[in-house]
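One letter stands for each residue in the lines below.
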Amino acid sequence: MAARRSRAGAWRALAAALARSRRPGDPGLLDQLSALPRLVVATARGRYTGTSTQRLALMALAAAYVVSPVDLVPEAVFLLAGLADDALVLAWLAGAVLDETSAFLRWERTDGAARDSRGSSRGETVEGHVVV
């Protein structure tokens, strides 16, 4: 029963992420997928703090699990159950990618655009006094 709720929750999360990605003015799926490498780099360098390296590592492990040839044996033996676990992981991964890249693209449009690679602000005026 708990596994069934977990699967339903993963599918609901994916459906909600897909619905959010289709709002007018929001980036499309290709924009989100192309932002993924920038998200990883910005997170690794500490420029973007909207997600953690642990979450990105979990997403990478989920992707590796889905494409892993080691996982082909359960599909051959258990057929439906083997496919269901892959579908569950894939649903979570897709929802996580859509959520994380949406948040990252919003950050890039606002906070990220005002910062350069050193983390300093660009184009901002700082009040001060000239001392001679």
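Source: prediction; values computed, not measured.

**Student:** Please provide a residue-by-residue account of the overall build of the protein chain, values included.
**Tutor:** Tallying secondary structure elements over the protein chain gives 5 helices and 0 strands in all. Counting all 132 residues of the protein chain, 25% fall into the buried class. Considering only intrachain contacts with a sequence separation of at least 6, the fraction spanning at least 24 residues in the protein chain is 64%. Looking at the protein chain as shown, the accessible area adds up to about 9200 Å², and 64% of this sits on carbon and sulfur atoms.

**Student:** Describe the nonpolar core, and please don't skip the residues or the numbers.
**Tutor:** With 13 residues, the main nonpolar core has Leu 39, Tyr 48, Met 59, Leu 93 and Phe 104 as its most contacted residues. Counting residues per element, the ones that place at least two in this core are helix H2 (29-44), helix H3 (53-67) and helix H5 (80-109). For this core, the leading source of residues is H5, giving 6 residues. Those residues in contact with Met 59, other than ones at most four positions away along the chain, are Trp 92, Leu 93, Ala 96, Val 97 and Glu 100.

**Student:** Which residues make up the packing of aromatic side chains, and what are the values?
**Tutor:** Under the definition given, this model contains 3 aromatic pairs. Put simply, the rings of Tyr 48, Phe 104 and Trp 107 pair up and form one aromatic cluster.

**Student:** Can you break down the side chain of Thr 43 residue by residue, with the values?
**Tutor:** With respect to the secondary-structure elements, Thr 43 resides in helix H2. Residue class for Thr 43 comes out buried when judged on its relative accessible area of 7%. One polar contact links the side chain of Thr 43 to the main-chain carbonyl oxygen of Leu 39, over a distance of 2.8 Å. Leaving out residues up to four positions away in the same chain, Thr 43 has contacts with Tyr 48, Thr 51, Ser 52, Thr 53 and Leu 56.

**Student:** With reference to specific residues and values, describe a nonpolar patch on the surface.
**Tutor:** Taken together, the side chains of Leu 29, Leu 30 and Leu 33 define a hydrophobic patch exposed on the protein surface, amounting to about 320 Å² of accessible area. By the element assignment, Leu 33 lies in helix H2. Judged by relative accessible area, Leu 33 falls into the partly exposed class, the value being 42%.

**Student:** Go over the pattern of salt bridges, please, and point to the residues and values.
**Tutor:** Under the counting rule described, the total for this entry stands at 2 salt bridges. Here Glu 108 makes a salt bridge to Arg 38, at a shortest N to O gap of 2.9 Å. Linking Glu 108 in helix H5 with Arg 38 in helix H2, this pair joins segments that are 70 residues apart in sequence. Exposure remark for Arg 38: the relative accessible area of 36% places this residue in the partly exposed category. Here Glu 100 and Arg 55 are joined by a salt bridge, their closest N and O atoms 2.5 Å apart. On the criterion of sequence distance, the pair formed by Glu 100 in helix H5 and Arg 55 in helix H3 is long-range, its members being 45 residues apart.

Procedures and definitions
- Residues numbered from 1 in each chain as written.
- Predicted model: local features only at pLDDT ≥ 70, side-chain atom pairs only at ≥ 80, totals over all residues.
- Heavy atoms only, no water.
- Helix = DSSP H or I, 4+ residues; strand = E, 2+ residues; numbered from the N terminus.
- Buried < 20%, exposed > 50% of the residue type's maximum accessible area, 1.4 Å probe, protein only.
- Contact = heavy atoms within 4.5 Å.
- Areas by Shrake-Rupley, 256 points an atom, 1.4 Å probe, with all protein chains shown as cover.
- Core = buried A, V, L, I, M, F, W, Y, C linked by side-chain atoms within 4.5 Å.
- Phe/Tyr/Trp six-rings, centres within 6.5 Å; stacked < 30°, edge-to-face > 60°.
- Polar contact = N/O pair within 3.5 Å; in protein donor to acceptor, adjacent residues only side chain to side chain.
- Patch = residues over 30% accessible without salt bridge, like charges linked within 9 Å, V, L, I, M, F, W, Y side chains within 5 Å.
- Salt bridge = Lys/Arg side-chain N within 4 Å of Asp/Glu carboxyl O.

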